[in-house]
Amino acid sequence: MFTHATFPLGPFVPYEHNPILRPRGGTWESANLYNPAALVVDEEVVLLYRAHAEDIVSHIGLARSSDGLHFEREAEPILSPSEDYERYGCEDPRIAYIDGTFYLTYTGWDRHSAQLCLATSTDLHDWTKHGPMFESFDTFATVDPRGFNWSKAGAIVPVRMQGKWWMYFGEGAIYWATSDDLIHWTPGTPDTEPMYSPTPGSFDADLVEIGTSPVLTENGLLVMLTNGATRVINPDGSVEVDYRCGQIAIDPDNPTKVLARLQEPWLKPQTFEDRNGLVSNVTFVEGLVQFQGRWLAYYGQSDTTLAVAVHDPARPWGATLGS
């Protein structure tokens, strides 16, 4: 999967020239561009990112880079709404590459239900949509129940564990599911029994969500970057959120239990772009690659621009994050 990983993974330092991708006028991505999946293909970093115009109907675009920092994007989206369950957006992709096939999980949004969906491709351009993955599942069931299908965020583990394929998913709380064929998935528990929930009094006190696909550490643990949020309700009834990035570790021999969590966020809103946008005070990670000797974590800034944070393994954990 990857090499020379440890838990916790880091420190990550935000790139001094962030944002690395911004909206561009007069196009399908003219208003907001954020929340990318990432992988390495043919010695390039490939980002599959969410973007939209003023209509806030999201599509997924593709950009490539030879250094992981400077990207050239394709003119047209590679995945767009075509079905009723996603008519208002294909959102927040995560991706895994297994045996010649790309498995893309994303959120189908119809302005009522946010449903975890699956699409597959062998070339990143021609996609087969397999539809919503979990009917009648609410990943907020124990946190802030929606009362209807809400199953965002899915990260597929790109190797078998215990003879099956595994996926960790959920916004609100985190759950697990298994599959024999990578297409049909079965949740391991009801939505009332998450494997990981928000931690009271912490940076993820109100919400946790899977961020990136897992990586295998040198001592055999799976590490995933996560997203966590706290909420403040103002006297006028308005809600302010603060999204920060954490990490959890899982033992592949006991993949239904979180062994450890990072006690403090490795990334939090710091810059103007992190603090101002469509949804302010958000650093939201969805892409992680190891490339040219460094770890690159790609994240959305306030649902408006796209940034990267860099970890050089030669730096000891505990070094101060840049701004």
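All values derive from a computational prediction rather than experimental measurement.

Participant: Any chance you could explain the environment of Thr-27 here in plain terms?
Facilitator: Position of Thr-27 relative to the elements: it lies in the loop between β1 (13-14) and β2 (32-41). For Thr-27, a relative accessible area of 30% corresponds to the partly exposed category. Engagement of the side chain of Thr-27 in a polar contact is seen with the backbone oxygen of Arg-24, the distance being 2.9 Å. A polar contact of 3.1 Å, which involves the side chain of Thr-27, links it to the backbone nitrogen of Glu-29.

Participant: What am I meant to see in unusual backbone geometry here?
Facilitator: Outside of glycine, negative phi angles account for most residues, and trans bonds account for most peptide bonds. The omega angle of the peptide bond from Phe-7 to Pro-8 is -5°, so this bond is cis rather than trans. The residue Pro-8 is located in the segment before β1 in this model. The linkage connecting Gly-10 with the following residue, Pro-11, adopts the cis geometry, with an omega of 10°. On the secondary structure map, Pro-11 appears in the segment before β1. Located in the positive-phi region is Leu-124, a residue other than glycine, with phi close to 70°. When you line up the elements, Leu-124 lands in the loop between β8 (114-121) and β9 (128-132). Using a relative accessible area of 2% as the deciding quantity, one classes Leu-124 as buried.

Participant: Just to check I follow, could you spell out the sheet that holds strand β3 (residues 44-52) for this structure?
Facilitator: Hydrogen bonds between backbone groups are what pair the strands of a sheet, and the pairing can be parallel or antiparallel. Strand order across the open sheet formed by 4 strands is β2-β3-β4-β5, with antiparallel pairing between neighbours. Two strands in the sheet have a free side with no partner beyond their single neighbour: β2 and β5 (72-73). Summarising the sheet, β2 and β3 pair through 8 bridges and their orientation is antiparallel. Residue pairing for β3: Leu-39 is matched across the bridge by Val-46.

Participant: Help me understand the side chain of Arg-50 in this model?
Facilitator: Of note, Arg-50 is situated in strand β3. A polar contact is formed between the side chain of Arg-50 and the side chain of Ser-58, at a distance of 2.8 Å. Within the structure, Arg-50 has its side chain in polar contact with the side chain of Glu-91 (distance 3.2 Å). If sequence neighbours within four positions are ignored, Arg-50 has contacts with Asn-32, Leu-33, Tyr-34, Asn-35, Ser-58, His-59, Cys-90, Glu-91, Asp-92 and Pro-93.

Participant: Which parts of the structure should I look at to understand the packing of aromatic side chains?
Facilitator: Think of a pair of aromatic rings as described by two things: how far the centres are apart, and how the planes are tilted against each other in angle. Overall, the coordinates contain 14 aromatic pairs when judged by the stated rule. Here the aromatic cluster, defined as three or more aromatic residues joined through ring pairs, consists of Trp-109, Phe-140, Phe-148 and Trp-150. Residue placement shows Arg-146 over the ring face of Trp-150; its charged tip is 5.0 Å from the ring centre.

Participant: Please clarify how the pattern of salt bridges should be interpreted in this entry.
Facilitator: Pairs may arise between side chains of opposite charge once their charged atoms sit close together. Summed over the entire model, instances satisfying the criterion amount to 16 salt bridges. Residue Asp-92 is joined to Lys-152 by a salt bridge in which the shortest nitrogen-to-oxygen separation is 3.8 Å. Taken together, the residues Asp-92 in strand β6 (residues 90-98) and Lys-152 in the loop between β9 and β10 (154-156) connect sequence positions 60 residues apart. On the basis of relative accessible area, Asp-92 is assigned to the buried category, the value being 3%. Residue classification places Lys-152 among the buried positions, given a relative accessible area of 11%. A salt bridge links Lys-164 to Asp-180; its shortest N-O distance comes to 3.0 Å. Here Asp-180 lies in the loop between β13 (175-179) and β14 (186-187) and Lys-164 lies in the loop between β10 and β11 (165-169), a separation of 16 residues in the sequence. Connected via shared salt-bridge partners are Arg-50, Glu-91, Asp-92 and Lys-152.

Cut-offs applied
Residues numbered from 1 in each chain as written. Predicted model: local features only at pLDDT ≥ 70, side-chain atom pairs only at ≥ 80, totals over all residues. Heavy atoms only, no water. Helix = DSSP H or I, 4+ residues; strand = E, 2+ residues; numbered from the N terminus. Buried < 20%, exposed > 50% of the residue type's maximum accessible area, 1.4 Å probe, protein only. Polar contact = N/O pair within 3.5 Å; in protein donor to acceptor, adjacent residues only side chain to side chain. Pairing = 2+ DSSP bridges. Contact = heavy atoms within 4.5 Å. Phe/Tyr/Trp six-rings, centres within 6.5 Å; stacked < 30°, edge-to-face > 60°. Lys NZ or Arg CZ within 6 Å of the ring centre and 35° of its normal. Salt bridge = Lys/Arg side-chain N within 4 Å of Asp/Glu carboxyl O.

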